[in-house]
Amino acid sequence: MNKATETKILEMLPYRRPFMFVDGLIDADSSCFEGHYTFKEDEFFYEGHFPGRPVTPGVILIETMAQIGLVSYGIYLLMKEQYEFNDGMTPVFTSSNVEFLRPVYPGDWVKVTSKKEFFRLGKLKCKVEMSDKNGAFVSKGYLSGIFLRS
């Protein structure tokens with residue numbers, strides 16, 4: 001993926017800190033998409049999950065998978081189809097079926113790989129996998145969403 005495309009997608013994401021879980025995008029084509037994130041040691045959720053032995057909540061792992069593998073990928077696909085993704089378009093998360101295979105701790109780097117199952121009429125379903133820096137799977141499953149015009 002070229003830097004201009006990555007920058008444009010990152011700017012279009014409807015998230016900001018402290019609830020943005022995308023550091024960068026690695027690769028993209030019409031059937032596969034990859035991005036990464038490092039969980040910072042001072043993330044807001046670690047203080048209460050779990051005190052003294054923090055672990056990234058599963059819901060945050062799903063959110064990270066969705067921000068990279070569904071929303072970022074959907075923006076990329078819409079751009080390829082020459083749609084204008086703008087403030088009037090809202091990504092809506094519709095379903096998830098994800099299994100967790102190992103914990104993610106503060107400071108861990110993860111890569112999300114998303115493979116398109118289908119994309120039509122603004123609806124996207126993907127097989128999404130999250131792996132650690134050694135390539136071991138952290139979680140995997142299916143995510144779906146739709147991009148609505150408001």
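Structure's up top.
In this text the structure is predicted, and so the values were computed from the model without any measurement.

Caption draft 1: A look at the packing of helix α1 (residues 3–12) against helix α2 (residues 58–80). One can describe the packing of α1 onto α2 by two numbers: an axis separation of 10 Å at closest approach and a directional angle of 120°. One element, α1, and the other, α2, form an angle in the oblique class. In this structure, α1 meets α2 at a crossing whose hand is right-handed. Residues Thr5, Lys8, Ile9 and Met12 of α1 touch α2, and the partners they reach there are Ser72, Ile75, Tyr76 and Met79. Per-class residue counts for the contact of α1 with α2 are 5 nonpolar, 2 polar and 1 charged.

Caption draft 2: Just the pattern of salt bridges, in detail. Scanning all chains against the criterion turns up 4 salt bridges. Among the salt bridges present, the one from arginine 17 reaches aspartate 23, with a minimum N-O distance of 3.3 Å. Given the relative accessible area of 48%, arginine 17 is considered partly exposed. In this structure, the salt-bridge partner of glutamate 34 is lysine 111, at a minimum N-O distance of 3.6 Å. Of this pair, glutamate 34 sits in strand β2 (residues 32–38) while lysine 111 sits in strand β4 (residues 109–120); the two residues are 77 residues apart in sequence, bridging distant segments of the chain. Given a relative accessible area of 24%, lysine 111 falls into the partly exposed group.

Caption draft 3: Up close: α1. Within the span of α1, buried status applies to Thr5, Glu6, Ile9 and Met12. All buried residues of α1 project into a common sector of 135° when viewed along the axis, lining one side. Exposed positions of α1 whose direction lies more than 90 degrees from the buried face are Lys3, Ala4 and Glu11. Looking at the buried side of α1, the elements it contacts are β1 (24–28), β2 and α2. Two or three places before alanine 4, at the opening of α1, asparagine 2 has a side-chain oxygen 3.2 Å from that residue's backbone nitrogen.

Caption draft 4: Examining the packing of aromatic side chains more closely. Tallying each qualifying case throughout the model produces 11 aromatic pairs. Ring centres of tyrosine 37 and phenylalanine 39 lie 4.9 Å apart, and the angle between their planes is 85°; this geometry places the pair in the edge-to-face category. One aromatic cluster is present, formed by Phe19, Phe21, Tyr37, Phe39, Phe44, Phe45 and Tyr46 through successive ring pairs. Positioned above the aromatic ring of phenylalanine 118 is the side chain of arginine 120, whose terminal nitrogen or guanidinium carbon lies 4.6 Å from the ring centre.

Caption draft 5: Up close: the state of the cysteines. This model, assessed by the stated rule, comprises 0 disulfides. Just so you know, cysteine 32 is unpaired, no disulfide at all, and the nearest cysteine sulfur is the one on cysteine 126, 9.4 Å from it.

Caption draft 6: Seen up close, the side chain of serine 139. Within the secondary structure, serine 139 sits in strand β6 (residues 137–149). Since its relative accessible area comes to 0%, serine 139 is described here as buried. Once you skip the residues sitting within four places of it in the chain, serine 139 turns out to touch Met65, Val98, Glu99, Phe100, Leu101, Val128, Glu129 and Met130.

About the criteria used
Residues numbered from 1 in each chain as written. Predicted model: local features only at pLDDT ≥ 70, side-chain atom pairs only at ≥ 80, totals over all residues. Heavy atoms only, no water. Axes fitted to C-alpha atoms, helices over the stretch in contact; angles between N-to-C directions. Helix = DSSP H or I, 4+ residues; strand = E, 2+ residues; numbered from the N terminus. Parallel < 35°, antiparallel > 145°, perpendicular 65-115°, else oblique. Left-handed = near helix turned anticlockwise from the far one by under 90°. Contact = heavy atoms within 4.5 Å. Nonpolar A, V, L, I, M, F, W, Y, C, P; charged D, E, K, R; others polar. Salt bridge = Lys/Arg side-chain N within 4 Å of Asp/Glu carboxyl O. Buried < 20%, exposed > 50% of the residue type's maximum accessible area, 1.4 Å probe, protein only. Arc of directions from axis to C-beta. Polar contact = N/O pair within 3.5 Å; in protein donor to acceptor, adjacent residues only side chain to side chain. Phe/Tyr/Trp six-rings, centres within 6.5 Å; stacked < 30°, edge-to-face > 60°. Lys NZ or Arg CZ within 6 Å of the ring centre and 35° of its normal. Disulfide = S-S within 2.5 Å.

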